[in-house]
Structure formats: C-alpha cells, structure tokens
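Each chain, letter by letter, is given below.
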Amino acid sequence: MKILVINGPNINMLGIREPGIYGKQTFADLLALLEETAQEEAVTVEQFQSNHEGAIVDKIQAAYGCFDGIVINPAAYTHTSVAILDALKSVSIPAVEVHISNVDAREAFRQISYAGMYCEKTIKGQGLEGYRQAIRYLKEKYGK
Ligand code: CA2
C-alpha cells in the first residue's frame, strides 16, 4: 500500500516557535515518525511539504493512479483553499486530514476546513501522533 503524506505551509518550521501550540517536536521528528510508522505498518509512505498552494494541487493530481491513500495537513490552506478541496475530489483517493493542534479550541477562522469536506476522517489535537493514527486508519481500511 502506498500512502502520500502532504504538509502545507510552515509545517517545516515546527519546533522553532509556538511550542505551546504545536509542541517542541521538529519537522525532522515528523519525518522520523513517518518512516517509523511506514515500517511498523508495512506500507510505503512518501512525504511532500510545500509552502505553495499550486504545488500542493499539482502533487495531489500526480497522486492519481499512484497512491492508495492520502494523509493531508494543509496547514493555513485548510481554512482557505477550495483548490485543494477540488484537487482531492478530482483524484478520489481516500484521504485523512490531520491537524497537530486542536483547531476546535482556537480562533474562529480556523473552524472551517475545506479539505475536511472531502476527507473521510479528521484527527486533531494529537500532536505528531495524529499522523501515525491517520496512516494506521488508512492501512486498516484500505490496506492490501
Ligand atoms: O494544527 C495544525 O496542524 C495546523 O494545520 C497548523 C497550521 C495552522 O495554520 C492551522 O490552523 C492548524 C500552522 C502550521 C505551522 O505553523 C507554525 C507557526 C509557528 C511556528 C512553527 C510553525
């Protein structure tokens, strides 16, 4: 099974500021967690991070026919991007949305998620462990 993990803008800055919201773990820790989870679950995990909305749309389109599942944290684009929502719909690959922080308990503008309108599950407020949970969910439901 092949799973694509997509991270949006500023996720590569994790651990550098705002540890009270996002924790002390860094982006390198996230990459290590993804590798560890891939081994544990015996799946192939590819990670893609971009600060550019169009690059994320391009990556989702390129996943068509190549990946069995998508884990996506669109970061700030969560709350603004109809383009990412439409890209997810266009490829029709099972997807899980992850948020490191508990967006429900934050500002009003974080309460809307466009990508979440497509994703079959949203995991929020679990820190980096949310990515492990998302991969496990896809493996259990769609793994061969
Ligand atoms: O909780 C999440 O995972 C978010 O998707 C993270 C985004 C935020 O815009 C979403 O509302 C919720 C932010 C990504 C990381 O931003 C940083 C900000 C300061 C320091 C380091 C990273």
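Fair warning: this is a prediction, and the values are worked out from it, not measured in the lab. (Residues numbered from 1 in each chain as written. Predicted model: local features only at pLDDT ≥ 70, side-chain atom pairs only at ≥ 80, totals over all residues. Heavy atoms only, no water.)

Chemist: How would you sum up the packing of helix H2 (residues 27-41) against helix H5 (residues 129-142)? Please name residues and give values.
Modeler: At a closest axis distance of 10 Å, the pairing of H2 and H5 adopts a crossing angle of 25°. Considering their axes alone, H2 and H5 lie roughly parallel with respect to each other. The two elements H2 and H5 cross, and the hand of that crossing is right-handed. On H5, the residues that touch Leu 30, Leu 33, Leu 34, Glu 36, Thr 37, Glu 40 and Glu 41 of H2 are Glu 129, Tyr 131, Arg 132, Ile 135, Arg 136 and Lys 139. (Axes fitted to C-alpha atoms, helices over the stretch in contact; angles between N-to-C directions. Helix = DSSP H or I, 4+ residues; strand = E, 2+ residues; numbered from the N terminus. Parallel < 35°, antiparallel > 145°, perpendicular 65-115°, else oblique. Left-handed = near helix turned anticlockwise from the far one by under 90°. Contact = heavy atoms within 4.5 Å.)

Chemist: Outline helix H3 (residues 53-62), listing residues and values.
Modeler: Among the residues of H3, those classed as buried are Ile 56, Val 57 and Ile 60. One side of H3 holds all its buried residues, which, seen down the axis, span an arc of 100°. The elements touched by buried residues of H3 are strand S1 (2-7), strand S2 (44-49), strand S3 (69-73) and helix H4 (82-91). (Buried < 20%, exposed > 50% of the residue type's maximum accessible area, 1.4 Å probe, protein only. Arc of directions from axis to C-beta.)

Chemist: Quick one: what's the story with the pattern of salt bridges, residue by residue and with numbers?
Modeler: Two side chains with opposite charge may pair up if their charged atoms get near one another. The full count for this structure, using the stated rule, is 10 salt bridges. Here Lys 59 ties to Glu 46 by a salt bridge, and the two come within 2.7 Å at their closest N and O atoms. Linking Lys 59 in helix H3 with Glu 46 in strand S2, this pair joins segments that are 13 residues apart in sequence. Exposure remark for Glu 46: the relative accessible area of 32% places this residue in the partly exposed category. A salt bridge links Arg 110 to Glu 107; the shortest N-O distance between them is 2.7 Å. By relative accessible area, which is 35% here, Glu 107 ends up partly exposed. In this structure, a network of salt bridges that share partners links the residues Glu 36, Glu 40, Glu 41, Glu 129, Arg 132 and Arg 136. (Salt bridge = Lys/Arg side-chain N within 4 Å of Asp/Glu carboxyl O.)

Chemist: I'd like a description of the packing of aromatic side chains, backed by residues and values.
Modeler: Pairs of aromatic rings are described using the distance from one ring centre to the other and the angle between the two planes. Throughout the structure, instances matching the rule amount to zero aromatic pairs. Directly above the ring of Phe 67 sits Lys 2, whose terminal nitrogen or CZ lies 4.9 Å from the centroid. (Phe/Tyr/Trp six-rings, centres within 6.5 Å; stacked < 30°, edge-to-face > 60°. Lys NZ or Arg CZ within 6 Å of the ring centre and 35° of its normal.)

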